[in-house]
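Report on the structure
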Amino acid sequence: MADISRSSASSGASPLFLREDEIRRGIELLYFGYTRLTNAIDQELAKQGLGRAHHRALYFIARQPDLTVGELLRLLAITKQSLGRVLKELHDRGMVVTKTGPVDRRQKLLSLTDSGAALEAELFAQLRVGLSTAYVTAGQESVSGFWHVLEGLIPESDRQMVFDLRSDKG
């Protein structure tokens, strides 16, 4: 079995990093990295009869308790119908609760129940292990570069929404 060390697997970007081969390498690394990172949580979600859409909803509701349905729709960039199905399943399983807004009673504010928070925390812990391991291997400078690349993939119109999720805004 070949030993693939950090130095041989990640030799660094070519000065011609915008060539097709380099772009394809980035796409492949994003694809395979994301797939491997989410494998463990996919298995846990499948045991629960849930999928990635459920996980994304749990994740963002955990990040912003009392998130409105409209805000969640914008974060997830999915249709109302798709979100409605996901939220109904999470509500029926006792993982999400909805309350009316204090000012606008038409608003629906979403929060996790204890069981929803426990599942989200368990899934996050699994993701944290995988990402932390990769971060440590890559080093701080590489992590910052990785974040810059990912931020560059987000349309300018959505960057503030993503920034608002950060707890270290200052």
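Every chain begins its residue count from 1, and numbering advances along the sequence as written. In view of the model being predicted, local features appear only for residues whose pLDDT reaches at least 70, and side-chain atom pairs are presented and counted only at 80 or more, with totals across whole chains, interfaces and linings using the full set of residues. The basis for every side-chain value is the complete set of heavy atoms in the structure, and neither hydrogens nor water enter the calculation.

**Things to note about the side chain of glutamate 120**
Inclusion rule: Secondary structure elements are defined from DSSP: runs of H or I of at least 4 residues count as helices, runs of E of at least 2 residues count as strands, and each element is numbered from the N terminus. Whether a residue is buried, partly exposed or exposed follows from its accessible area with a 1.4 Å probe, protein chains only, as a fraction of its type maximum: under 20%, in between, or over 50%, in that order. His is not counted, nor are the chain ends, whereas Lys and Arg count as positive and Asp and Glu as negative. Throughout this description, the term salt bridge denotes a Lys or Arg side-chain nitrogen within 4 Å of a carboxyl oxygen of Asp or Glu. We call two residues in contact when some of their heavy atoms are within 4.5 Å.
Within the secondary structure, glutamate 120 sits in helix α6 (residues 114-138). In this structure, glutamate 120 is buried with no salt-bridge partner, the nearest side chain bearing the opposite charge being arginine 63 at 7.7 Å. The contacts of glutamate 120, once residues within four sequence positions are left out, are Leu58, Tyr59, Ala62 and Leu112.

**Let's talk about the environment of leucine 87**
Mapped onto the secondary structure, leucine 87 falls in helix α5 (residues 80-92). Spatially, the C-alpha atom of leucine 87 lies 9.5 Å from that of threonine 98, the residues being 11 residues apart in sequence. Leucine 87 has contacts with Ile61, Val69, Leu72 and Leu110, leaving out every residue within four places of it along the chain.

**As for unusual backbone geometry**
Even without being a glycine, aspartate 66 presents a positive backbone phi close to 65°. Note on placement: aspartate 66 falls in the loop between α3 (52-63) and β1 (67-68). Here aspartate 66 falls in the partly exposed class, since its relative accessible area comes to 32%. The phi torsion at alanine 77 lies on the positive side, around 55°, for a residue other than glycine.

**Here's the deal with the packing of α3 against α5**
Rules: Note on method: axes are straight lines fitted to C-alpha atoms, helices fitted across the in-contact stretch only, with angles between N-to-C directions ranging 0 to 180 degrees. Throughout, the term roughly parallel applies to angles under 35 degrees, roughly antiparallel to angles over 145, roughly perpendicular to angles from 65 to 115, and oblique to all others. Three classes are used, and their members are as follows: Ala, Val, Leu, Ile, Met, Phe, Trp, Tyr, Cys and Pro are nonpolar, Asp, Glu, Lys and Arg are charged, and the others, Gly among them, are polar.
Close contact between α3 and α5 brings their axes to 10 Å; oriented N to C, the two are set at 75°. Taken together, the axis directions place α3 and α5 in an arrangement best described as roughly perpendicular. Together, Ala53, His54, Ala57, Leu58 and Ile61 of α3 and Val86, Leu87, Glu89 and Leu90 of α5 make up the contact between the two elements. By residue class, the composition of the contact of α3 with α5 is 7 nonpolar, 1 polar and 1 charged.

**Quick notes on the nonpolar core**
What counts, and what does not: Definition of nonpolar core: a set of buried residues of the types Ala, Val, Leu, Ile, Met, Phe, Trp, Tyr and Cys, connected through side-chain atoms within 4.5 Å.
Core analysis: the largest hydrophobic core is formed by 25 residues, its most contacted members being Leu58, Phe60, Ile61, Leu72, Leu90 and Val96. Of all the secondary-structure elements, those providing two or more residues to this core are α2 (20-48), α3, α4 (69-76), α5, β3 (108-112) and α6. If sequence neighbours within four positions are ignored, phenylalanine 60 has contacts with Leu67, Leu72, Leu75, Leu76 and Leu165.

**A few points about the sheet that holds strand β2 (residues 96-100)**
Cut-off, in case you're wondering: Here the rule is simple: two strands pair whenever DSSP picks up at least two bridges between them.
Spatially, 3 strands are ordered β1-β3-β2 in an open sheet, and the strand pairing comes out antiparallel. On the outer flanks of this sheet lie β1 and β2, each paired with one strand and no other. Two elements, β2 and β3, share 5 bridges in a ladder whose sense is antiparallel. Looking at β3, one finds that valine 96 is bridged to leucine 112.

**As for the confidence of the model for the chain**
Put simply, the rule is: Looking at any residue, its pLDDT shows the predictor's confidence there, from 0 to 100.
Residues with a pLDDT of 70 or more make up 88% of the chain, whose mean pLDDT is 88. Segment residues 1-8: pLDDT under 50, and 5 contacts once partners within four positions in sequence are set aside and those in other chains are kept.

**Overview of α6**
Rules: One less than the number of residues in a helix, times 1.5 Å, gives the span that helix is expected to have.
Taking 1.5 Å as the rise per residue, α6 with 25 residues should run 36 Å; its terminal C-alpha atoms sit 35 Å apart, in good agreement. Every buried residue belonging to α6 is among Gly116, Leu119, Glu120, Leu123 and Leu127, and all of these are buried. Packed against the buried residues of α6 are α2, α3 and β3. The first or second residue beyond α6 is glycine 139, which carries a positive phi of 95°.

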